[in-house]
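Residues per chain are reported as follows:
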Amino acid sequence: KGMDPGAGAQQKASSSPPLPRQNTKTRPPSPPKVISDKSGRMHFNRVGFLGEGGFARVYEVQDQKGSHLACKVVTKSALKTKKAKTKLYAEIKIHRSLDHPNIVTFLECFEDEENVYMTLELCPSGSLMDMLRRRRRFTEPETRFFMVQLIGACHYMHAHQVIHRDLKLGNLFLDANMNVKVGDFGLAALIENPGERKKTICGTPNYIAPEVLFDTANGHSFEVDIWSIGVILYTLVVGRPPFQTKEVKDIYQRIRDNKYEFPADRRVSSACQLLVQAVLTPNPAERPTLHEIVDHTFFTQGPVPSYIPTSAHDGVPDFK
Ligand code: ADP
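Source: prediction; values computed, not measured. (Residues numbered from 1 in each chain as written. Predicted model: local features only at pLDDT ≥ 70, side-chain atom pairs only at ≥ 80, totals over all residues.)

### A word on the overall build of the chain
In terms of helices and strands, the chain carries nine helices and ten strands. The C-alpha radius of gyration of the chain comes to 20 Å, within 12% of the 20 Å expected for a compact globule of 320 residues. With the C-alpha coordinates aligned to their principal axes, the bounding extent of the chain is approximately 60 × 50 × 35 Å. Put simply, the chain has 320 residues, and 38% of those count as buried. Contacts in the chain between residues at least 24 apart in sequence constitute 63% of all its contacts with a sequence separation of at least 6. (Helix = DSSP H or I, 4+ residues; strand = E, 2+ residues; numbered from the N terminus. Rg over C-alpha atoms; globule rule 2.2 N^0.38 Å. Buried ≥ 20, exposed ≤ 12 C-beta atoms within 10 Å, placed from the backbone. Contact = placed C-beta atoms within 7 Å.)

Printed below as a string of structure tokens:
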């Protein structure tokens, strides 16, 4: 994933299917039915297929105790370059260092001759992207619930010097109780020195902060996740991302011009519109902090449900 121009740029507009990477054109063979590490200490039965992303395929597996987990599989043939290895090791190092109720738990990592495997907490209910497709858009109370959990996870990541850099509905998974689990640390970066700026252009077009695209000299930092949070907030209440359009270059143009509107028929509350406007501030230094976001009237003046019923997958839930 990522849009490193040097490495066969992959650009995903979030609503269109992801472009396949060069190295996934020839589909690698499925992993074995029983996945084991080299020492034979761990065994997992492959029981289903969950999805695939930029360079990984994700399967549902069962461990020796019978628990169901997700297993992310990366074929070693995709790890021939030093750069690809470095990226995978960075993802593993960052993801395994995180432990938060709203972040997909990283369990184990091992390999066999063919593949590298990462077992993860299973999120059996898909992503918020899948749910949005069924629901078209969410009510503001539901949006507050999901946003509070996302912001909590983001605050934890930033406190641990991690920038996710690819926060989007497709990377926000749901557990069986409708809790948000942030996943996919494939583009995450660790800020090792205070004040350090990152220079790699990466992200998903609809969710990319303007400074990533247009201030490459200065680089970017934690504020890019705040921007994505603003895009996510808009998308949950409106039903599509704010800068969405067919051509990726036109999305970038709109991001540069800060050009988006709230469709009148969606009846988005003025508190919500004002919060989106505050978060989607072009200058990263002027963007609100996570604390300021949760202190906004959108969160303080409206109900935040204590949980979301699973019926919400397919229709507006009744909170009464
Ligand atoms: P990549 O890093 O290659 O983009 P992802 O981590 O985004 O891969 O995973 C690809 C797909 O696999 C996801 O879109 C989702 O459908 C599925 N998936 C990933 N992690 C989990 C999980 N923990 N539980 C359930 N499904 C998952």
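### A word on the pairing of strand 4 (residues 68-75)
Relative to strand 4, strand 3 (residues 57-62) is paired through six bridges, and the arrangement is antiparallel. Opposite tyrosine 59, over in strand 4, you have cysteine 71 as the bridge partner. Counting the residues in the hairpin turn of strand 3 and strand 4 gives five residues, including glycine 66, whose phi is positive at 95 degrees. Bridge count for strand 4 against strand 6 (residues 115-121) is seven bridges, and the pairing is antiparallel. Note on strand 6: the bridge partner recorded for valine 74 is valine 116. (Pairing = 2+ DSSP bridges.)

### Some details on the packing of helix 5 (residues 223-238) against helix 7 (residues 270-279)
How two helices sit against one another is set out by the angle between their axes and by the gap between those axes. Helix 7 packs onto helix 5 with a crossing angle of 155 degrees between their chain directions and a minimal axis gap of 8 Å. One way to sum up the angle between helix 5 and helix 7 is to call them roughly antiparallel. For the element pair helix 5 and helix 7, the recorded crossing hand is left-handed. From helix 5, Ile226, Ile229, Gly230, Leu233, Tyr234 and Val237 reach across to helix 7, where they touch Cys272, Leu275, Val276 and Val279. (Axes fitted to C-alpha atoms, helices over the stretch in contact; angles between N-to-C directions. Parallel < 35°, antiparallel > 145°, perpendicular 65-115°, else oblique. Left-handed = near helix turned anticlockwise from the far one by under 90°.)

### Section: the site of the ligand
Neighbouring the ligand are 21 residues; Gly51, Gly53, Val58, Ala70 and Cys123 lie closest to it. When residues of the shell around the ligand are traced back to their parent elements, those giving at least two are strand 2 (43-52), strand 4 and strand 6. Top element by residues in the shell around the ligand is strand 2. It accounts for three residues. (Near = placed C-beta within 6 Å.)

### Here we look at the sheet that holds strand 3
Here we have six strands laid out as an open sheet, ordered 1-2-3-4-6-5, and antiparallel in their pairing. Edge positions in the open sheet fall to strand 1 (34-36) and strand 5 (106-111), since each of these has one partner strand only. Mean inter-strand twist for the sheet, computed between neighbouring axes without regard to direction, equals 40 degrees. Seen against the sheet, helix 1 (residues 82-96) touches strand 4, strand 5 and strand 6 and runs at an angle of roughly 150 degrees to strand 5.

### Examining the UniProt feature "binding site: ATP" (unreviewed entry) in the chain
Under the UniProt annotation, "binding site: ATP" (unreviewed entry) lies at Lys80. Residue position: lysine 80 is located in the loop between strand 4 and helix 1. (UniProt positions renumbered as here; feature names shortened; annotations may be inferred.)

### What to know about the nonpolar core
Core analysis: the largest hydrophobic core is formed by 77 residues, its most contacted members being Cys71, Leu150, Ile229, Ile232, Leu233 and Val279. When residues in this core are grouped by element, the largest group, eleven residues, is from helix 5. Every residue in contact with cysteine 71, bar those within four places of it in the chain, is listed here: Ile35, Phe44, Val58, Tyr59, Val61, Tyr117 and Thr119. (Core = buried A, V, L, I, M, F, W, Y, C linked by C-beta atoms within 7 Å.)

### Considerations on the environment of asparagine 258
With respect to the element layout, asparagine 258 can be found in the loop between helix 6 (248-257) and helix 7. C-alpha of asparagine 258 to C-alpha of phenylalanine 243: the two residues are 15 residues apart in sequence and 8.3 Å apart in space.

### Observations concerning the packing of helix 3 (residues 140-159) against helix 5
Relative orientation of the contacting elements helix 3 and helix 5 amounts to 165 degrees, with a least axis distance of 10 Å. As summarised for this structure, helix 3 and helix 5 are arranged roughly antiparallel, according to the angle between their axes. Regarding helix 3 and helix 5, the two cross each other, and that crossing is right-handed. Two secondary-structure elements touch here, helix 3 through Glu140, Thr143, Phe146, Met147, Leu150, Ile151 and Cys154 and helix 5 through Asp225, Ile229, Ile232, Leu233, Leu236 and Val237. Its residues assigned to classes, the contact of helix 3 with helix 5 comprises ten nonpolar, one polar and two charged. (Nonpolar A, V, L, I, M, F, W, Y, C, P; charged D, E, K, R; others polar.)

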